[in-house]
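Chain residues, written in single-letter form:
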Amino acid sequence: MTGVSTLGQALDQIELLKKVQKQFGTLTSQMTTGKISQNFAGLGSSAITSQRARASFNTYDVYLQNITNAERRIELSMNSITAFKKQAENFAAALVAFGQESAHQDGEPVYYDDPLTTDVDEHVLIGYTSADPDADLANLQRLATSVYDLCVDLVNEKDGDRYLFSGAETLSKPLTDSGTLDSMMNSMLSSWKGGTLDTADFISGLQTRDASSNANAVTDSIVGYSAALSTGMAGNVYVRADANTEVNYTTLANDDALRNILVAASYFKNTSLTPVADQVDPDTYAVITPGAPGANVAESRENFDSIFQALTVMVNDAIDNIDEMRFSLADAQGRLGELKERHIDSKNVLLTTISDAENIDTTEVAIKLQTLQIQIEASYQVTATLMSTSLVNFLN
């Protein structure tokens, strides 16, 4: 009976030792990882709290990533708009500095005297012997070409594969310079110089994009804008900043401000713009190359200057409107910044909740480990004593 009892005690002691070793392993893991358990099942009643907090934490991560992406795109858009404005300001300054006291045309002046009125010296300036622009006008045209090309590049700015100025149609290039605007400008200049398009209608056409109200309108499709932009179907760009908030940060390449700069630059860079006044044969007074409409240079300059002044005003107004675009983006940027800070604060609160539910008190676990280690050593000693008991030892 004694031997059986001793064996039973030994087996019980071994089971107890196994349990203590398991507890020791759990405490050691907790001390190493700082976590109560490596799975939710081991958290007990805190599991639901932890799961809910983690789900909310991950949701805020999604919102913060959305905001980060939007902030990057807004920054890129603002950089492009700022650069666009700088080009527009350079263009406007050149227009202001451009002298209007001459026809800005090379060659010798050609004067006309009516042979039927020999007693009267009319001496009317009717043109020049050359159609080439002078240095000032040539420089203005070169600048207009540079401004146009740079501004086309700026409105086609991308973030990765996404175009920033295409509205919701982010994979569609907003502006393609296919030559349609140049062709339209050539046609309008030819009609204007040919007398079939008067100056007022020319100006109106340059300022207008609605062909239904103006047959001479420079429409968005003529400028080269995408089908979605030209038809007003591009849609807005929003960022989901939280469960109840979407922030609009749309900037479109065909905004009036951007469009008007491009149209004005296209007009001034066009090769058909010159000559300002007629190129005239000095012997026959025949017109070789027509200039702006008018019976003489004074009238031609007046018509040229009318369009010049109208487009100068259009460019300056556009510069003011570009600022409105920047302010709109800055407002969206500010709202996103506030939401971002709020989400970060919320994540910090959730981190505390998760920590309380999942993390251990290292001091408490260290004490438990020390106590358990003493118990294990004592158990090993008891087990060793029990296991050394044998039938021979008992009989002796």
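Structure: see above.
Notes on the structure in this doc start here.

### Describing the packing of aromatic side chains
This model, assessed by the stated rule, comprises 8 aromatic pairs. An angle of 85° between the planes, with centres 5.0 Å apart, marks the rings of Y267 and F268 as edge-to-face. Overall, Y267 belongs to the buried group, its relative accessible area being 0%. According to the relative accessible area criterion, F268 is buried, its value standing at 0%. Through pairs of rings, three or more aromatic residues link up here, namely F91, F98, W192, F202, Y267, F268, F304 and F308. Positioned above the aromatic ring of Y163, the side-chain terminus of K158 is 4.9 Å from the ring centre. Taking the ring centre of Y148 as reference, the NZ or CZ of K269 above it sits at 4.8 Å.

### Remarks on the packing of helix 4 (residues 180-194) against helix 5 (residues 199-207)
Closest axis-to-axis distance for the helix 4/helix 5 pair is 10 Å, and the angle between their directions is 165°. If you check the angle between helix 4 and helix 5, you find them roughly antiparallel. Helix 4 and helix 5 meet at a crossing whose hand is left-handed. Across the interface between the two elements, M185, M188, L189 and W192 of helix 4 pack against T199, F202, G205 and L206 of helix 5. Considering only residue class, the contact of helix 4 with helix 5 consists of 6 nonpolar, 2 polar and no charged.

### Thoughts on the nonpolar core
In a soluble, globular protein the nonpolar side chains are often hidden away together inside. Ranked by internal contacts, the top residues of the largest apolar core, which has 77 residues, are F84, F91, F202, L206, Y267 and F268. Filtering out sequence-adjacent residues up to four positions away, Y267 remains in contact with M185, L189, W192, F202, L206, L273, F304, I307 and L311.

### Concerning unusual backbone geometry
Negative phi characterises most residues that are not glycine, and trans characterises most peptide bonds. For the bond running from T274 to P275, omega is 5°, close enough to zero to count as cis. Of note, P275 is situated in the loop between helix 8 (256-269) and strand 7 (279-280). Unusually for a residue other than glycine, Y285 sits at a positive phi of about 65°. By the secondary structure assignment, Y285 is in the loop between strand 7 and strand 8 (287-289).

### Things to note about the pattern of salt bridges
Oppositely charged side chains can form a pair if their charged atoms are brought close together. This structure, assessed with the given rule, holds 11 salt bridges. Taking the shortest distance from any N to any O, the salt bridge between D159 and R72 comes out at 3.0 Å. Of the two residues, D159 sits in strand 3 (residues 158-159) while R72 sits in helix 2 (residues 47-97), which places them 87 residues apart along the sequence. Assessed through its relative accessible area of 12%, D159 is described here as buried. Residue classification places R72 among the partly exposed residues on the basis of a relative accessible area of 35%. Here R209 ties to D220 by a salt bridge, and the two come within 3.0 Å at their closest N and O atoms. Placement of the pair is R209 in the loop between helix 5 and helix 6 (220-223) and D220 in helix 6, with a sequence separation of 11 residues. Sharing partners across several salt bridges, the network here consists of K85, E89, D323 and R326.

### Some remarks on the packing of helix 3 (residues 135-155) against helix 8
Running from N to C, helix 3 and helix 8 cross one another at 145°; their axes reach a closest spacing of 8 Å. For the crossing formed where helix 3 meets helix 8, the hand is left-handed. Each of L140, Q141, A144, T145, V147, Y148, C151, V152 and V155 in helix 3 lies in contact with helix 8, whose residues at this interface are L258, I261, L262, A265, S266, F268 and K269. Looking at the contact of helix 3 with helix 8 residue by residue, the class counts come to 12 nonpolar, 3 polar and 1 charged.

### Some words on the environment of F91
Mapping F91 onto the fold places it in helix 2. Separated by 170 residues in sequence, F91 and I261 place their C-alpha atoms 9.0 Å apart. When residues no more than four places from it in sequence are discounted, the contact partners of F91 are L140, L143, A144, V147, A264, A265, F268 and V315.

### Quick notes on empty space enclosed by the protein
Over the atoms rolls a probe the size of a water molecule, and its path tells where empty space is left. Using the criterion set out here, one finds 1 cavity of 30 Å³ or more in the structure. Residue lining of the largest cavity: R73, S77, R162, Y163, L164, G167, T170, V237, Y249, T250 and T251, and that is the complete set. Contributions of two or more residues to the lining of the largest cavity are made by helix 2 and strand 4 (162-163). When the residues that make up the lining of the largest cavity are grouped by side-chain class, the tally is 4 nonpolar, 5 polar and 2 charged.

### Quick look at helix 8
One turn of an α-helix holds 3.6 residues; hence residues three or four places apart share an orientation. Taking 1.5 Å of rise per residue, 14 residues should cover 20 Å, and helix 8 covers 20 Å from first to last C-alpha, within 8% of that figure. Of all 14 residues in helix 8, 13 are buried; the element is thus mostly enclosed. Among the residues of helix 8, the N-terminal cap falls to D255, whose side-chain oxygen and the backbone nitrogen of A257 are separated by 3.0 Å.

### Side note on the side chain of N270
As for its position among the elements, N270 is in the loop between helix 8 and strand 7. For N270, the side chain forms a polar contact with the main-chain nitrogen of S272, separated by 2.8 Å. Discounting chain neighbours no more than four positions away, the residues touching N270 are Q141, D182, M185, N186 and L189.

### Focus: helix 5
Buried within helix 5 we find T199, F202, I203, G205 and L206. Buried residues of helix 5, seen end-on, are gathered within an arc of 160° and therefore sit on one face of the element.

### Description of the environment of T199
Residue placement: T199 occurs in helix 5. Spatially, the C-alpha atom of T199 lies 9.9 Å from that of E302, the residues being 103 residues apart in sequence. Filtering out sequence-adjacent residues up to four positions away, T199 remains in contact with W192, P293, N303, S306 and I307. A polar contact is formed between the side chain of T199 and the side chain of N303, at a distance of 2.7 Å.

The rules behind these values
Residues numbered from 1 in each chain as written. Predicted model: local features only at pLDDT ≥ 70, side-chain atom pairs only at ≥ 80, totals over all residues. Heavy atoms only, no water. Phe/Tyr/Trp six-rings, centres within 6.5 Å; stacked < 30°, edge-to-face > 60°. Buried < 20%, exposed > 50% of the residue type's maximum accessible area, 1.4 Å probe, protein only. Lys NZ or Arg CZ within 6 Å of the ring centre and 35° of its normal. Axes fitted to C-alpha atoms, helices over the stretch in contact; angles between N-to-C directions. Helix = DSSP H or I, 4+ residues; strand = E, 2+ residues; numbered from the N terminus. Parallel < 35°, antiparallel > 145°, perpendicular 65-115°, else oblique. Left-handed = near helix turned anticlockwise from the far one by under 90°. Contact = heavy atoms within 4.5 Å. Nonpolar A, V, L, I, M, F, W, Y, C, P; charged D, E, K, R; others polar. Core = buried A, V, L, I, M, F, W, Y, C linked by side-chain atoms within 4.5 Å. Salt bridge = Lys/Arg side-chain N within 4 Å of Asp/Glu carboxyl O. 1 Å grid on protein atoms, 1.4 Å probe; cavity = no way out; pocket = protein on both sides within 12 Å on 5 of 7 lines; lining within 4 Å. Points joined across faces, edges and corners; volume = space filled by probe spheres on them. Expected span 1.5 Å × (residues − 1). Polar contact = N/O pair within 3.5 Å; in protein donor to acceptor, adjacent residues only side chain to side chain. Arc of directions from axis to C-beta.

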